[in-house]
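Each chain, written out:
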Amino acid sequence: MSKKLQPRRTLSLKTPTTMAIFGLWVINKAGGLVYQRNFADGLAQLTSNEYLVLAGTLHGIHAITSRLSPIPGSSSGAQVIEGETFKIVILLTVTGTKFVLLTSLAEPSADATLQKVYDVYADAVMKNPFHTPEMPIRNEGFEQRITALIGDGRTG
């Protein structure tokens, strides 16, 4: 009995050169998703549980890739994971917190944007005496500054 192969579902963007930031995740050092926000349309809408599972999975993949380097102790893990229609860009901080941007393939400013997001996080979240480290980020100042930085996610 042969099974019929189903066509793969792919993300459809208007053009292959569309530049966009689809989402931002902040993952704590234990692999927990502490912040998630979508910007530009394009990626499938997921439940909060699905985002938690994906963040934990990405955390595990990142840990594995940091051990795959042919030069022991020289890798901090994957920095970019590229799919057919989008890429995942990862910034690992010295404290183990990961900042993750989901972008279009054509997005040129992901690294610079991640660094700016980290700066906003350090200023708005970590300097907040009411924020508990490693816990979900619930900070209006952070939200406002991320909105000012990324807007609706369309960059081109």
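Residues numbered from 1 in each chain as written. Predicted model: local features only at pLDDT ≥ 70, side-chain atom pairs only at ≥ 80, totals over all residues. Heavy atoms only, no water.

Listed as buried for helix α3 (residues 140-150) are F142, I146 and I150. Down the axis of α3, the smallest arc covering the buried residues is 45 degrees, so these residues share one side. In α3, the exposed positions that point more than 90 degrees away from the buried face belong to E140, Q144 and A148. Lining the buried residues of α3 we find β1 (21-27), β2 (33-38), β5 (98-103) and α2 (110-124). Sitting at the amino-terminal end of α3 is N139, which places a side-chain oxygen 2.9 Å from the backbone nitrogen of G141. A positive backbone phi angle near 65 degrees is found at G151, which sits one or two residues after α3. (Buried < 20%, exposed > 50% of the residue type's maximum accessible area, 1.4 Å probe, protein only. Helix = DSSP H or I, 4+ residues; strand = E, 2+ residues; numbered from the N terminus. Arc of directions from axis to C-beta. Contact = heavy atoms within 4.5 Å. Polar contact = N/O pair within 3.5 Å; in protein donor to acceptor, adjacent residues only side chain to side chain.)

A few words on the confidence of the model for the protein chain. The predicted model of the protein chain has a mean per-residue pLDDT of 85, with 88% of residues at 70 or higher. Here helix α1 (residues 48-67) stands out as the element of the protein chain with the lowest mean pLDDT, 92, in contrast to β5, whose mean of 96 is the highest. Predicted confidence is poor over residues 7-16, with pLDDT under 50, and the contacts of this stretch with residues over four places away or in other chains come to eleven contacts. (pLDDT = per-residue confidence, 0-100.)

With that settled, the discussion passes to the sheet that holds β2. As a general point, the strands of a sheet are linked pairwise by backbone hydrogen bonds and lie either parallel or antiparallel. Strand order in the open sheet formed by five strands is β2-β1-β5-β4-β3, with antiparallel pairing between adjacent strands. Each edge of the open sheet carries a strand with a single partner, namely β2 and β3 (80-82). This sheet shows a mean twist of 15 degrees between the axes of neighbouring strands, independent of strand direction. Bridge analysis of strand β4 (residues 87-92) against β5 gives six bridges, and the strand direction is antiparallel. Paired with L92 across the bridge in β5 is K98. (Pairing = 2+ DSSP bridges. Axes fitted to C-alpha atoms, helices over the stretch in contact; angles between N-to-C directions.)

Turning to its location among the elements, V80 is positioned in strand β3. Each C-alpha atom, one on V80 and one on L102, is 9.9 Å from the other, the two residues being 22 residues apart in sequence. Residues within four places of V80 in sequence aside, it is in contact with K87, I88 and V89.

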